[in-house]
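# Structural overview for review
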Amino acid sequence: LAQREKKEDEVRELLALGEKLEGLTRNVGMHAGGVLIAPGKLTDYCPLYAAEGGVNVISQLDKDDVEAVGLVKFDFLGLTTLTILDWAERYVRQMSDARFALERIPLDDKATFLLLSAGNTTAVFQLESRGMRDLIKRARPDCFEDVIALVALYRPGPMDLIPDFIARKHGSQRVEYLDARLEPILRPTYGIMVYQEQVMQIVHELGGIPLRDAYKLIKAISKKKSDTINAVRERFEKGSQEKGLPKRKAKELFDLILRFAGYGFNKSHSVGYSILAFQTAFLKTFFPIQYMAAVLTYESVNTDKLAVYLDECRRVRLPDGRRGVDVLPPDVNLSGERFHVAYGAGEERTTSAGHVRFGLSAVKGVGGKAVEAILAARRGNEELPGGPFESLYEFCERVPMTAVNRATIEALIKAGAFDSVHGMDKRAAMLEALDGAIRSGQRAAADRESGQTSLFGTVIETPAADAAPVRLPEVPPWPLAEQLRHEKAALGFFASRHPLEEHRDRLERFSTASVADVASLDAKTEVIVGAMVSSLRTTRTRKGRNPGQKMGMLTLEDATGKIDAVVFAETFATFEHLLVEDAVLFFRAQVDRRREEPNLLVSQVITPDQAVAKLTEKVRIVLELDGAADAVGEELSGLREVLDRQKLKVNGSVATVEFEIHLDDAVVRTTAEGYRIPVDPELPREIARALGSAGHCDLVGPAKLVEALPAAELA
């Protein structure tokens, strides 16, 4: 660069300009949650600045300089979890114990630790990512100190310490201390320096260094300030020898401090996060209905997260051992603004009873003003009595059209909010009748506005000819696919039924990974993902072997989440006819990690009907040899005929045959040598006919790439 500066005028001019700019303030920034505390007026300690048109006054000094002049910095962090906990606490109090308080829950509750150790941490603060779930299942925390440590360790740098932490916790690695005085400091983290406070305590107690200087050492190590580190090393080694530590051990201990202090996390911060994590896990364990209602309310604006948490509601374990929290759709007569816990007539209010009812505000296009108008109409007033709406027409008469417009009511119909009034199969009829119902409502409002009353102050009844009709027009109901599309448009997801439900068995049988699983897989891992195409965009290639050819950019969705996928030109040309929105398909793909979030590079697309033939790797035939020899022989002879016929078929794929033989005291599995057969949907039925009953043939798909939770852990 120096040579170019001498030879090239442009480079010389550029460097000269850069030297003038170097060190100048580029822009003014403000910490989002930073607050300065001073013993007197701030202007006595630092200059202030206010942006033109702004309301915030900030210091002109940066974060380091405000510390240097003696001001105290606070970083106030706002967490959505605090709001969720507040709502959940209120729901619990409404249900049973008006004195319930999260501040009083026991932090040693065994049931909560069982939930954490099983990795059932979806919707648990700080612990719900795939990586954290894997970590917590391996660590199996059984005390609150473990949770604090795991929260501190799960971040770049400290993650290197995780294998030792787990091994020492479970006794497969010995915990040793360089000096006995270290044990009370490091015992909670199994001899590993995890927290900054531990390092400061060691430097203070064994080296005689004041805590203020110990804190400066932490900062110096993180910023690699060798002058400060070396100065403290000399003081520490001298002080620790004065306290009885041999010189060799003093040097060794300071080297350990240098190794761990750069990773050290602030324990007080980790404790704060861990308390919230434990509180959310406690609520999910003992009050799952109330907790999930609070979670769904907050996440209702994020349809991707909402779909994940709705799926979790189906999995969650209730205190009485049953599984699943019922989430019922929005209802103009039963829903409030937010998701809430509701109970059936005569249903006892216990932690395992009740269901979650959708909030009206979760319907797209239904704003706060509209929700309040609907709730006010249900409550009633002096002019109009309250109560449930008995028809769409009555709804339009009682709810002011100034607050609720056509688009709002249409969204409510599509979301199923009128199903309890007219029935799910009448959604198309309601939409057909909507304009007439709105006109009727507007006439009723105009009559009320003009004050059509008798001399005695009673409202004059509308003539029968003008009365609002209560019968809906005869209109064919929407096909299921159209109904689901409307639900998704109104709610952001499918409410009454997901298109994946129809193919659930095959998706579970033949997928090697779910969308959520992909996050834990390495780059270039080959996967088979069964999912729905939730969006499709085509573009043209600019480079490569096929410039100008169409390629596809997909968003795939399953019960666990969404992921982007790319279908390059050659593959797209082959499978374009299958790639349509809302289609349920299998995608053979490779994990791509070149972007911030993993995505899929698709190489093959397979329909659910094709999956049996193309993705079955093994045909397992179950035989129970407990009958008469002649009968068994006849069945086996028929089975051989079926397999021999199957071998003659050709569909481009073959699977091995495995026999699972159930004896009186054992189950034996053996592979049928020489049998590799094509598979089709008829094969299980043909085997059932040969063996006299169904259930003898299991089509086994490819192995899962991510191990599923065992049943015991799900409990």
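Because the structure is predicted, anything quoted here is derived from the model rather than measured.

Moving on, we come to the overall build of the protein. A count of helices and strands for the protein gives 29 helices and 16 strands. When the backbone C-alpha atoms are referred to their principal axes, the protein occupies close to 100 × 95 × 70 Å. For the protein, with 715 residues in total, the buried portion stands at 44%. Of the roughly 38,900 Å² that the protein leaves accessible, carbon and sulfur atoms contribute 51%.

In terms of nonpolar packing, the biggest core is built from 133 residues, with Leu-253, Ile-257, Phe-395, Ile-409, Leu-412 and Phe-418 touching the most fellow members. The residues touching Leu-412, leaving out its near neighbours within four places in the chain, are Val-332, Leu-360, Val-363, Val-366, Ile-374, Phe-395, Ala-417 and Phe-418. Counting residues in each nonpolar core, the second largest holds 33 residues, with Val-584, Ile-621, Val-642 and Ile-677 among its members.

Here we take up the environment of Lys-618. Examined against the element boundaries, Lys-618 turns out to sit in strand 13 (residues 618-624). Judged by relative accessible area, which is 26%, Lys-618 ranks as partly exposed. Among residues more than four places away in sequence, those in contact with Lys-618 are Ala-655, Thr-656, Glu-658, Asp-698, Leu-699 and Val-700. Separated by 3.5 Å, the side chains of Lys-618 and Glu-658 make a polar contact.

The subject of this paragraph is the packing of helix 11 (residues 211-222) against helix 13 (residues 247-261). Their axes nearest at 9 Å, the elements helix 11 and helix 13 cross at an angle of 65°. For the element pair helix 11 and helix 13, the recorded crossing hand is right-handed. For the pair helix 11 and helix 13, contact is made by Leu-217, Ile-218 and Ile-221 and by Phe-254, Ile-257, Leu-258 and Ala-261, respectively. Of the residues contributing to the contact of helix 11 with helix 13, the split by class is 7 nonpolar, no polar and no charged.

Taken together, the 3 strands give an open sheet; going across it, the order is 5-7-6, and neighbouring strands pair in mixed fashion. Looking at the sheet topology across the chains shown, the edges are occupied by strand 5 (327-328) and strand 6 (340-342).

Turning our eyes to something else, we now look at the sheet that holds strand 10 (residues 561-567). Sheet architecture is closed into a barrel: 5 strands sit in the order 8-9-10-12-11, paired in mixed fashion. Pairs of neighbouring strands in the sheet enclose a mean axial angle of 55°, with direction left out of account. Two elements, strand 11 (residues 584-592) and strand 12 (residues 599-606), share 7 bridges in a ladder whose sense is antiparallel. Its bridge partner being in strand 12, Ala-589 is matched across the sheet by Val-602.

Right, let's get into the packing of aromatic side chains. This structure, assessed with the given rule, holds 13 aromatic pairs. Taking 5.8 Å as the distance between ring centres and 25° as the angle between the ring planes, the aromatic pair formed by Phe-74 and Phe-76 counts as stacked. Among the residues examined, Phe-74 registers a relative accessible area of 40% and is labelled partly exposed. Looking at Phe-76, the relative accessible area reads 54%, which means it is exposed. Relative to Phe-278, the ring of Phe-144 has its centre 6.0 Å away and its plane inclined at 85°; by these criteria the two rings are edge-to-face. Of this pair, Phe-144 sits in helix 7 (residues 144-153) while Phe-278 sits in helix 14 (residues 267-286); the two residues are 134 residues apart in sequence, bridging distant segments of the chain. For Phe-144, a relative accessible area of 15% gives the class buried. For Phe-278, a relative accessible area of 0% corresponds to the buried category. Among the aromatic residues, those joined into a ring-pair cluster are Phe-113, Phe-144 and Phe-278. Arg-155 extends its terminal NZ or CZ atom over the ring of Phe-265, reaching a point 3.8 Å from the ring centre.

Counting through the fold element by element, His-498 comes out in the loop between helix 22 (480-491) and helix 23 (504-510). Residues His-498 and Ala-403, 95 residues apart in the sequence, show an inter-C-alpha distance of 32 Å. Setting aside its immediate chain neighbours within four residues, His-498 contacts Met-532 and Glu-557.

On to the pattern of salt bridges. Counted by the stated rule, this structure contains 45 salt bridges. Taking the shortest distance from any N to any O, the salt bridge between Glu-410 and Arg-406 comes out at 2.6 Å. A residue pair is termed a helical-turn pair when its members lie 3 or 4 positions apart in one helix, as Glu-410 and Arg-406 do in helix 19 (residues 406-415) at 4 residues. Where Arg-669 meets Glu-660, a salt bridge forms, and the shortest distance between an N and an O atom there is 2.8 Å. The buried category is assigned to Glu-660, whose relative accessible area is 10%. Among the charged side chains, a network of salt bridges with common partners joins Asp-505, Arg-509, Lys-618, Arg-620, Glu-658 and Asp-698.

What follows covers unusual backbone geometry. Most peptide bonds take the trans form, and the phi angle of most residues other than glycine is negative. In this model, Arg-140 sits at a positive phi of 50°, which is unusual for a non-glycine residue. Within the element layout of this structure, Arg-140 appears in the loop between helix 6 (130-139) and helix 7. If you check the backbone angles, Lys-524 has positive phi at about 70° while not being a glycine.

Once that is clear, we can look at a nonpolar patch on the surface. Taken together, the side chains of Val-35, Ile-37, Val-72, Phe-74 and Phe-76 define a hydrophobic patch exposed on the protein surface, amounting to about 430 Å² of accessible area. Within the residue set of the nonpolar patch, elements represented by two or more residues are strand 1 (34-37) and strand 4 (72-75). Summarising the element assignment, Val-35 is placed in strand 1.

Next up on the list: the pairing of strand 8 (residues 526-540). Note: strand 8 against strand 11, 7 bridges, orientation antiparallel. Counted as the bridge partner of Glu-526 is Gln-590 from strand 11. The pairing of strand 8 with strand 9 (residues 550-558) spans 8 bridges and is antiparallel. Paired with Met-532 across the two strands is Glu-557, which belongs to strand 9.

A word on helix 19. Note: α-helices contain 3.6 residues per turn, so residues at a spacing of three or four share the same orientation. Most of helix 19 sits inside the fold, with 7 of its 10 residues counted as buried. Along helix 19, the residues that are buried comprise Thr-408, Ile-409, Ala-411, Leu-412, Ile-413, Lys-414 and Ala-415. Its side-chain oxygen at 3.2 Å from the backbone nitrogen of Ala-407, Asn-405 defines the N-terminal cap of helix 19. Positive phi appears at Gly-416, one or two residues downstream of helix 19, with a value of about 90°.

Take the side chain of Asp-146 next. Looking at the element boundaries, Asp-146 is found in helix 7. In terms of polar contacts, Asp-146 uses its side chain to reach the side chain of Lys-169, at 2.6 Å. Discounting chain neighbours no more than four positions away, the residues touching Asp-146 are Pro-141, Phe-165, Lys-169 and Tyr-190.

Cut-offs and rules
Residues numbered from 1 in each chain as written. Predicted model: local features only at pLDDT ≥ 70, side-chain atom pairs only at ≥ 80, totals over all residues. Heavy atoms only, no water. Helix = DSSP H or I, 4+ residues; strand = E, 2+ residues; numbered from the N terminus. Buried < 20%, exposed > 50% of the residue type's maximum accessible area, 1.4 Å probe, protein only. Areas by Shrake-Rupley, 256 points an atom, 1.4 Å probe, with all protein chains shown as cover. Core = buried A, V, L, I, M, F, W, Y, C linked by side-chain atoms within 4.5 Å. Contact = heavy atoms within 4.5 Å. Polar contact = N/O pair within 3.5 Å; in protein donor to acceptor, adjacent residues only side chain to side chain. Axes fitted to C-alpha atoms, helices over the stretch in contact; angles between N-to-C directions. Left-handed = near helix turned anticlockwise from the far one by under 90°. Nonpolar A, V, L, I, M, F, W, Y, C, P; charged D, E, K, R; others polar. Pairing = 2+ DSSP bridges. Phe/Tyr/Trp six-rings, centres within 6.5 Å; stacked < 30°, edge-to-face > 60°. Lys NZ or Arg CZ within 6 Å of the ring centre and 35° of its normal. Salt bridge = Lys/Arg side-chain N within 4 Å of Asp/Glu carboxyl O. Patch = residues over 30% accessible without salt bridge, like charges linked within 9 Å, V, L, I, M, F, W, Y side chains within 5 Å.

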